[in-house]
There are 4 protein chains.
Amino acid sequence: MPVESTIEVRVRYAETDQMGVVYHANYFVWCDMARTEYLRAAGASYKDLEAAGLRLAVVDASARYKSPARFDELIAVRCWVREVESRRISFGYAMQRPADGRMLATAQTTLIALDSHHALSTIPPGVRARLVPTPDPVRL
Amino acid sequence: MPVESTIEVRVRYAETDQMGVVYHANYFVWCDMARTEYLRAAGASYKDLEAAGLRLAVVDASARYKSPARFDELIAVRCWVREVESRRISFGYAMQRPADGRMLATAQTTLIALDSHHALSTIPPGVRARLVPTPDPVRL
Amino acid sequence: MPVESTIEVRVRYAETDQMGVVYHANYFVWCDMARTEYLRAAGASYKDLEAAGLRLAVVDASARYKSPARFDELIAVRCWVREVESRRISFGYAMQRPADGRMLATAQTTLIALDSHHALSTIPPGVRARLVPTPDPVRL
Amino acid sequence: MPVESTIEVRVRYAETDQMGVVYHANYFVWCDMARTEYLRAAGASYKDLEAAGLRLAVVDASARYKSPARFDELIAVRCWVREVESRRISFGYAMQRPADGRMLATAQTTLIALDSHHALSTIPPGVRARLVPTPDPVRL
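In what follows, the accompanying structure is described. (Residues numbered from 1 in each chain as written. Chains lettered and ligands numbered in written order. Predicted model: local features only at pLDDT ≥ 70, side-chain atom pairs only at ≥ 80, totals over all residues.)

1. Things to note about the environment of C:Val84
Residue and element names in this part refer to chain C.
Thinking step 1. With respect to the helices and strands, Val 84 occurs in strand β3 (residues 74-84).
Thinking step 2. Under the C-beta neighbour-count criterion, Val 84 is labelled partly exposed, with 18 such atoms within 10 Å.
Thinking step 3. Taking the C-alpha atoms as reference, Val 84 lies 9.8 Å from Leu 111; in sequence the two are 27 residues apart.
Thinking step 4. Setting aside its immediate chain neighbours within four residues, Val 84 contacts Ile 89, Arg 128, Leu 131 and Pro 133. (Helix = DSSP H or I, 4+ residues; strand = E, 2+ residues; numbered from the N terminus. Buried ≥ 20, exposed ≤ 12 C-beta atoms within 10 Å, placed from the backbone. Contact = placed C-beta atoms within 7 Å.)

2. Here we look at the interface of chain C and chain B
Accessible area lost upon the coming together of the parts is a frequently used measure of interface size.
Thinking step 1. Of the residues lining the interface, nine residues belong to chain C; the matching set on chain B comes to nine residues.
Thinking step 2. Taken together, the residues of the side of chain C that touches chain B sort by class into five nonpolar, no polar and four charged. (Nonpolar A, V, L, I, M, F, W, Y, C, P; charged D, E, K, R; others polar.)

3. Comments concerning the relation of the copies chain A and chain C
Thinking step 1. For the pair chain A and chain C, the superposition axis carries a translation of 0.0 Å, the fit reaches an RMSD of 0.0 Å, and the rotation angle comes to 180°. The symmetry that links the two subunits is that of a two-fold axis. Across chain A, the smallest distance between a C-alpha and the rotation axis is recorded for A:Ser62, namely 1.9 Å. (Least-squares fit on C-alpha atoms with pLDDT ≥ 70 in both.)

4. Quick look at helix α1 (residues 26-41) of chain A
Residue and element names in this part refer to chain A.
Thinking step 1. Between its first and last C-alpha, α1 extends 23 Å over 16 residues, near the 22 Å set by a 1.5 Å rise per residue.
Thinking step 2. If you check which residues of α1 are buried, you get Asn 26, Tyr 27, Phe 28, Trp 30, Cys 31, Asp 32, Ala 34, Arg 35, Thr 36, Tyr 38 and Leu 39.
Thinking step 3. Looking at the packing, one finds that the buried side of α1 touches β1 (5-10), α2 (46-51), β2 (55-65), β3 (74-84), β4 (88-97) and β5 (102-114). (Expected span 1.5 Å × (residues − 1).)

5. So, the interface of chain A and chain C
Thinking step 1. Every contact between the two is made by 15 residues of chain A and, on the other side, 15 residues of chain C.
Thinking step 2. For the side of chain A that touches chain C, the secondary structure elements donating two or more residues are α1 and β2 of chain A.
Thinking step 3. Counting residues per element, the side of chain A that touches chain C draws most heavily on β2(A), which supplies ten residues.
Thinking step 4. The residue inventory of the side of chain A that touches chain C, partitioned by class, reads ten nonpolar, two polar and three charged.
Thinking step 5. In the sheet, β2(A) pairs with strand β2 (residues 55-65) of chain C via five bridges, with the strands oriented antiparallel. The residue bridging A:Ala61 from the neighbouring strand is C:Ala63, located in β2(C). (Pairing = 2+ DSSP bridges.)

Structure (structure tokens):
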């Protein structure tokens, strides 16, 4: 099981705004991508979970922006599990620019388990066993 | 039946890019919104069509960009039907800035009818009867 | 000065995801739109502030999602000022579906003042005087 | 000089819509990314071109959608130069799913050279020399 997983994203022109930096809402998309890769690495591909009738819906999201990301930069997005309960799971994220080590943003999201009709459900025990919480490696 | 319908959109900060203008792909979102309102005005709400098992999927899209749209501007998006066949329908669009009458972009999209399993389908005759082609009011 | 301002947004097809609901990051775009209208109503149009060399950059954003928004729904987005200091301002948001009064999400964002070179700056006193904090009308 | 360059994108959840497929406008973002990598491979990084005062603005864009891309799929996006003139350049694109070789979409965009004040400009000869047109490898 991964304790943490990291993806790299190349900033898209479409992700910038007229301030010349990445628009703040787009960081949550990167978090989503990092979470998808974390789940894949943990042997619980989100695509497969959805095919099996599970939905993980975001119920809480927050981010702190420290330094702007810019067009064409490579950004490393780390993702880890903060807490797991039977019906909900929280992830932490850190976005850093490898070129200079600068921390750009941190974030956290909490997701709840729903079935395919969007009714409250539970995270299957076999999946939950693979999602091991770890202390935050950076301050969120 | 409307021959044409017009919506107004206020340019969102999120729609701009670091060139200081609206990112080109976002104009297709405005076309989609104008098409949705055209269908509603024609008594064929797309939400209702989907609920009834129909999907209209874009198979062809093109746009010509003449002058940039900018943050906070109001943009009028006109939409009309260009052609209708049993399985496909083409729409035309013109995006104009009412403040100075400037034409910003024109576009066209073609959509095909699919059923809820994404198999080829036909536009229901009752819907098709409401979608009346009109000559292009502007050159596309 | 407005104590609060409200906009209505019609959910775009582009804003939905394959879960059949609005993708969570898009709510922050609606908050941004509501903030833009709040500022305009307060006589401090963000477009004019930018033209005068001020930037308001998001440094902190969070949202709680209670019930999903869906395609074609009309959503009311309320915005108010929570706190103002010389260099930073916090806004609160509540997103509600007028059709049934359902609260869909609440959010808050904090922005800092930057100059046109992205250096720390201050909110001009004349602008600050127009941004009057009010107690949260709903629990965030 | 590259005759063609190819990137791979992993479909993001944010890129899907409630039809369960990638929203049509998002393919133009992938084309933009592929063009950025083509230019980098040609020794004419777009970030550097912008820093040197050049802007390439899209004046024409079109796409044909043949088969839908879905969440989590890897999509190969090929990009090549179709035509170059002193003030404008056209690119072609083909989007294919490597897993089964399926062609998903083709596209083309034309861009014009602008200076940093958005006035018409020319593509610097040194850049133009690196952008070598090639016959379309697939039918657009």
